[in-house]
Amino acid sequence: MQKITTVSLREMKEKGEKIVALTCYDAAMARLLNQHEIDVVLVGDSVGNVKLGYENTLAVTLEDMLHHTKAVKRGNSRALLVADMPFLTYEFDPREAVRSVGRLIKAGGAEAVKVEGGQKILPSIKALIDSNIPVMGHLGLTPQSVYMKGGYRVHGRDSHEAEDILDQAKTLEEAGVFALVLEAVPSALARDITNAVSIPTIGIGAGLDCDGQVLVLDDLLGLSEGTPPKFVRHYASLRAEASQAVKKFKLDVKGKKFPGPAQVYD
Ligand code: KIV
């Protein structure tokens, strides 16, 4: 299997080959994604709300990310393994950013990190890249700014905000970021950004013209609770199936139908 690197992603953009990315939080699922040759596996800080029961991503700690990145590392060999930097571990102190990221790379086995934001966090991004750490950017809806930005909403619908996101994308490219996640932005804006930068764009709620697509794995599998965002497509309904399975098991145990002859030892 060909190992995917930041260079492979750039080549895929140049060839017009779409990049397939998914979030992942454990070794078993990482092995499954590896089997299907997913290009980028992102240990998203969405682990906070998807797996750890936090209300949003703000409570996620570096220890949480380290724990899950190590697990995903054990199941992955092909994909580029990217880990999210948790809220307030990188934004304003470049030295702290390098120290925090260093743990995810050295102890966690991440091959790159993702940070949210543009101009304001540029000194940290530059310090990371100067330390030979590949950085993925994230613009548009940035969940770590949920309180500042008044909730989860589409970004870049008005021309002023759209121009700002386009400028930030160019700034991040100039700083040396190797790829950009564009979340919840109008398709036309994502297309303009994709055409304006030479680094790959990976969309989530950003239309078909991005160089690649990413989804939260639990959303794709229909495992997440609650109403999914508009951009999610369910490829399975595992939550409903799991619910049925647990219900049947309970009925079988209460009704003395489990274990049956096939599940007992002589
Ligand atoms: O944390 C995450 O899952 C993400 C993706 C939505 C891109 O950042």
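Residues numbered from 1 in each chain as written. Predicted model: local features only at pLDDT ≥ 70, side-chain atom pairs only at ≥ 80, totals over all residues. Heavy atoms only, no water.

1. Section: the packing of aromatic side chains
For clarity, the threshold we go by: Put simply, two rings from Phe, Tyr or Trp (the six-membered ring, in Trp's case) pair if the centres are within 6.5 Å, and we call them stacked under 30 degrees between planes, edge-to-face over 60, tilted for the rest. Relative accessible area decides the class of each residue, using a 1.4 Å probe on protein chains only: under 20% of the type maximum gives buried, over 50% gives exposed, and in between gives partly exposed.
This structure, assessed with the given rule, holds one aromatic pair. Ring geometry for Phe249 versus Phe258: centroids 5.4 Å apart, planes at 70°, classification edge-to-face. With relative accessibility at 37%, the residue Phe258 sits in the partly exposed group.

2. Structural notes on the site of the ligand
Using the following cut-off: Any residue with a heavy atom positioned within 4 Å of a molecule or strand is treated as near that molecule or strand. Any pair of N or O atoms that falls within 3.5 Å is considered a polar contact. Within protein, one atom must be able to donate a hydrogen and the other to accept it, and sequence-neighbouring residues count only if both atoms are side-chain atoms. Note on areas: Shrake-Rupley with a 1.4 Å probe; residue coverage comes only from the protein chains shown. Polar here means any residue other than Ala, Val, Leu, Ile, Met, Phe, Trp, Tyr, Cys and Pro, which are nonpolar, and Asp, Glu, Lys and Arg, which are charged; Gly is therefore polar.
What surrounds the ligand is the set Thr23, Leu42, Gly44, Asp45, Ser46, Asp84, Lys114, His138, Glu183, Ile204 and Val216. Ser46 is positioned such that a nitrogen or oxygen atom in its side chain is 2.5 Å from an oxygen atom of the ligand. Lys114 places a polar side-chain atom, nitrogen or oxygen, 2.8 Å from an oxygen atom of the ligand. When the ligand is considered free in solution it has 260 Å² of accessible area, and contact with the protein chains removes 95% of it. Of the residues belonging to the shell around the ligand, the class tally is three nonpolar, four polar and four charged.

3. What to know about the sheet that holds strand β8 (residues 212-215)
The condition is simple: DSSP calls a pair of strands paired once it identifies at least 2 bridges connecting them. By the criteria applied, helices consist of DSSP H or I runs no shorter than four residues and strands consist of E runs no shorter than two, each listed in order from the N terminus. A fitted line through C-alpha atoms serves as each axis, taken over the contacting stretch for helices, and the angle formed by two N-to-C directions is quoted from 0 to 180°.
Spatial strand order, β1-β2-β3-β4-β5-β6-β7-β8: eight strands in a closed barrel with parallel pairing. Put simply, the sheet's adjacent strands are angled 25° from each other on average, direction ignored. Relative to strand β2 (residues 40-43), strand β1 (residues 19-23) runs parallel, the two sharing three bridges. Bridging across to β2, Thr23 finds its partner in Leu42.

4. Looking at the pattern of salt bridges
What counts is decided by this rule: Salt bridges are defined by distance alone: a side-chain nitrogen of Lys or Arg within 4 Å of a carboxyl oxygen of Asp or Glu.
Evaluation of the coordinates by the stated rule reveals 11 salt bridges. Put simply, Glu111 and Lys3 hold a salt bridge, and the shortest N to O gap is 3.0 Å. On the criterion of sequence distance, the pair formed by Glu111 in the loop between α5 (94-106) and β4 (112-114) and Lys3 in the segment before α1 (6-15) is long-range, its members being 108 residues apart. Its relative accessible area of 22% is what places Glu111 among the partly exposed residues. Overall, Lys3 belongs to the partly exposed group, its relative accessible area being 30%.

5. Details of the side chain of Thr89
Turning to its location among the elements, Thr89 is positioned in the loop between β3 (80-84) and α5. In terms of polar contacts, Thr89 uses its side chain to reach the backbone carbonyl oxygen of Pro86, at 2.6 Å.

6. Here we look at the pairing of strand β6 (residues 179-183)
Within a regular strand, side chains alternate between the sheet's two faces. Here β6 lies mainly inside the structure; five of its five residues are buried. Both faces of β6 are covered, namely the face carrying Ala179, Val181 and Glu183 and the face carrying Leu180 and Leu182. Direction of pairing for strand β5 (residues 135-140) relative to β6: parallel, over a ladder of five bridges. Across the sheet, residue His138 finds its bridge partner in β6, namely Val181.

7. Comments concerning the domain arrangement of the chain
How we decide: Each domain's extent is set by a domain assignment, obtained either automatically or from a database.
Here the domain parsing of the chain yields domain 1 (6-235) and domain 2 (238-266). When each unit is reduced to the centre of its C-alpha atoms, the spacing between domain 1 and domain 2 is 39 Å.

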